[in-house]
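Chain by chain, the residues run as shown.
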Amino acid sequence: MVESNGAELTEQEAELYDRQIRLWGLDSQKRLRSARILISGMNGLGSEIAKNIILSGVKSVTLLDDRKVTEEDHCSQFLAPQSSIGSNRAEASLARAQQLNPMVELKADTEPLDSKEAAYFKNFDVVCLVGASTAQHLRVNSICRDANVKFFAADVWGMYGFSFADLQKHEFAEDVAKYVKVSKPQEKPKFETIATTVKRTLEFPPYQTLVDFDFRNPSYARQIKRNGTALPVQRVLQKFRDEHQRDPAYSKRSDDLQKLYELRDAMAPEIIDNKRFEFVFAQISPVAAIVGGVVAQEIIKVVSQKETPHRNVFLFNPENCSGFVEFVGTDN
């Protein structure tokens, strides 16, 4: 849980964040002002998440990435200028990111995610991994759970978007609307809506529950019918990354599609038709913006401890151009 630690807003900060303070209150903004965020993976989705987090007025954001800027990044990565091809993605993103909000402390870390010891992640209140492997998700999530650090994983493959949240035991305040009768006994009945703040707690399962999810379970058929195949498609794409140490590439389209079909047949037979994999290449900018906005808003909710967070998987489904929240796990 993020504490404000006695943080006070300067007059300049109070003026800059005036609309946010009116929206979620001064205490929540103070918590944001004390929050330290790590974003690992500065592709198009990572840049969208970073933009919204920086604008919200957190204490610090660390951009972690050891990869280089490529031509493909410019499909959606707007923080790295065109002239930065071949340079480190985190360092290339730093200048434009800082211009968004000079009051936020920004740092670029160019070391590989796998080189970071457990103590590194304990320096943050929220850790968000973008473009990571399953092994990296599991390792970092385990470290975060031990240290009571909130964990997010997010990705975009073409038109498919995804995020996972492990907030462990999360306490938050929620405004609940109640209709209250305010008229006197012999008057015409009159009611007013009064908002009451209620404290709530939610428990979140670890990332391992997503890895273990079995799409062949007959009970999942109802969810497929309701929400489509976005979740099994995501798991197939994640498996492709794990096995090939890269994402599907348009330049290798025919070969990669065949590999995706084979993974589909092993993981989720008869659930996903072939045409779903026609839209998984590169990162499409509008989808990165949608998913990045959702992930950033969820991080802001968690840090400010205001309103109910998504529990626990968000998916953007291009089949109907909509997002939805799915709970993967077991309720205690």
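Residues numbered from 1 in each chain as written. Predicted model: local features only at pLDDT ≥ 70, side-chain atom pairs only at ≥ 80, totals over all residues. Heavy atoms only, no water.

Per an unreviewed UniProt entry, the chain carries the name SUMO-activating enzyme subunit 1 and comes from Anopheles farauti. The record held by UniProt for the chain lists under Sequence similarities (unreviewed entry) the comment "Belongs to the ubiquitin-activating E1 family." If you open the UniProt record of the chain and go to Subcellular location (unreviewed entry), you find "Nucleus". (UniProt positions renumbered as here; feature names shortened; annotations may be inferred.)

Asks: I'm lost on the packing of aromatic side chains in this one. Help?
Replies: Aromatic rings in a pair are described by how distant their centres are and how their planes are angled relative to each other. Tallying each qualifying case throughout the model produces 5 aromatic pairs. Look at Y120 and F121: their rings are 5.4 Å apart centre to centre, the planes differ by 85°, and that puts the pair in the edge-to-face class. F121 sits in the buried class, given a relative accessible area of 0%. For the pair Y120 and F124, a centre-to-centre distance of 5.5 Å together with 65° between the ring planes defines the contact as edge-to-face. On the basis of relative accessibility, which here comes to 15%, the residue Y120 falls in the buried class. An aromatic cluster is present here, built from Y120, F121 and F124 joined pairwise through their rings. Directly above the ring of Y120 sits K116, whose terminal nitrogen or CZ lies 4.3 Å from the centroid. (Phe/Tyr/Trp six-rings, centres within 6.5 Å; stacked < 30°, edge-to-face > 60°. Buried < 20%, exposed > 50% of the residue type's maximum accessible area, 1.4 Å probe, protein only. Lys NZ or Arg CZ within 6 Å of the ring centre and 35° of its normal.)

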